[in-house]
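Spelled out, the chains give:
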Amino acid sequence: MQLKQLVPESFCLSCDVCCRFSEGYTVWSPLFTEAEIKHLVNKDILPPSIFTSPRPEADGNKVKHEHRTRRINLVAYKDYFICPCFRPEDKKCRIYEDRPFECRLYPFLLVNRGGKFYMAQDTKCPYLRSAQQEEIDSYVNYLQEALQADEARMFLKNSPQLFADYPAADLKLLFPINNYGSL
Ligand code: SF4
Ligand code: SF4
């Protein structure tokens, strides 16, 4: 699913936040659906071994295989960890055209708060900290509208494992996503 990007590429290329992590396994590392993994593996873009093993999930029985999620195995780099698709030398994603939905959405996040689903923004993103509120509001309106399209609603309904329990202090909740189970 394609999404218009809010943050200009030039801004991201001078930022040190995305794709780098303080821990080797974290809720902030990118989630890939099984369908996204299959696409990357079948196109020989990434090997299957680069992803974590499938984990039993509380809702695993309800979620079809192609909509389940796995994280990518982060790799140690200097004194932190990076996504293995990240190229530190030019700060680019080497699978940019095929990156997962979660990376396309960032700095916006799918959040699970006690079984309720929300769209949120990551308050750590320097662009969101410095942008005019009108620009952010306009993008959030676009996002809300884009996620009402049938393809997007179906994707979100089918992919509850993409909604993660991020630390509340890093989030600004934007709007509820109520379509899970309603289609
Ligand atoms: S944190 Fe924000 S500005 Fe920095 S790379 Fe990520 S999206 Fe771009
Ligand atoms: S897949 Fe690409 S955009 Fe996503 S975390 Fe890895 S390097 Fe960054």
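Thresholds, definitions, all that
Residues numbered from 1 in each chain as written. Chains lettered and ligands numbered in written order. Predicted model: local features only at pLDDT ≥ 70, side-chain atom pairs only at ≥ 80, totals over all residues. Domains from an automatic or database assignment. Contact = placed C-beta atoms within 7 Å. Nonpolar A, V, L, I, M, F, W, Y, C, P; charged D, E, K, R; others polar. Near = placed C-beta within 6 Å. Helix = DSSP H or I, 4+ residues; strand = E, 2+ residues; numbered from the N terminus. Buried ≥ 20, exposed ≤ 12 C-beta atoms within 10 Å, placed from the backbone. Arc of directions from axis to C-beta.

## Brief notes about the domain arrangement of the chain
According to the domain assignment, the chain consists of domain 1 (8-98) and domain 2 (107-183). Between domain 1 and domain 2, the C-alpha centre-to-centre distance is 19 Å. With 13 residues of domain 1 at the interface, the matching set in domain 2 holds 12 residues. Its residues assigned to classes, the side of domain 1 that touches domain 2 comprises six nonpolar, three polar and four charged.

## Side note on the site of ligand 1
Close to ligand 1 lie Val7, Phe11, Cys12, Cys15, Val17, Cys18, Tyr106, Pro107, Cys125, Pro126 and Tyr127, which account for all nearby residues. Counting only elements with at least two residues in the shell around ligand 1, the list comes to helix 1 (9-13) and helix 4 (126-130). Grouping the amino acids of the shell around ligand 1 by side-chain chemistry returns 11 nonpolar, no polar and no charged. Residues lining the shell around ligand 1 come from more than one domain, with at least three contributed by each of domain 1 (8-98) and domain 2 (107-183).

## Observations regarding helix 2 (residues 34-42)
Those residues of helix 2 lying buried are Glu36, Ile37 and Leu40. Axial view of helix 2: buried residues confined to an arc of 100 degrees, hence all on one face. Contact partners of the buried residues in helix 2: strand 2 (31-33) and strand 3 (69-71).

## What about the site of ligand 2?
For ligand 2, the full set of nearby residues is Cys18, Cys19, Pro30, Cys83, Cys85, Phe86, Cys93, Ile95, Arg99 and Cys103. Among the residues making up the shell around ligand 2, the classes are represented as nine nonpolar, no polar and one charged.

## Some remarks on the environment of Glu36
Checked against the element boundaries, Glu36 lands in helix 2. Overall, Glu36 belongs to the buried group, with 21 C-beta atoms counted inside 10 Å. For the pair Glu36 and Pro100, spaced 64 residues apart in sequence, the C-alpha separation works out to 6.4 Å.

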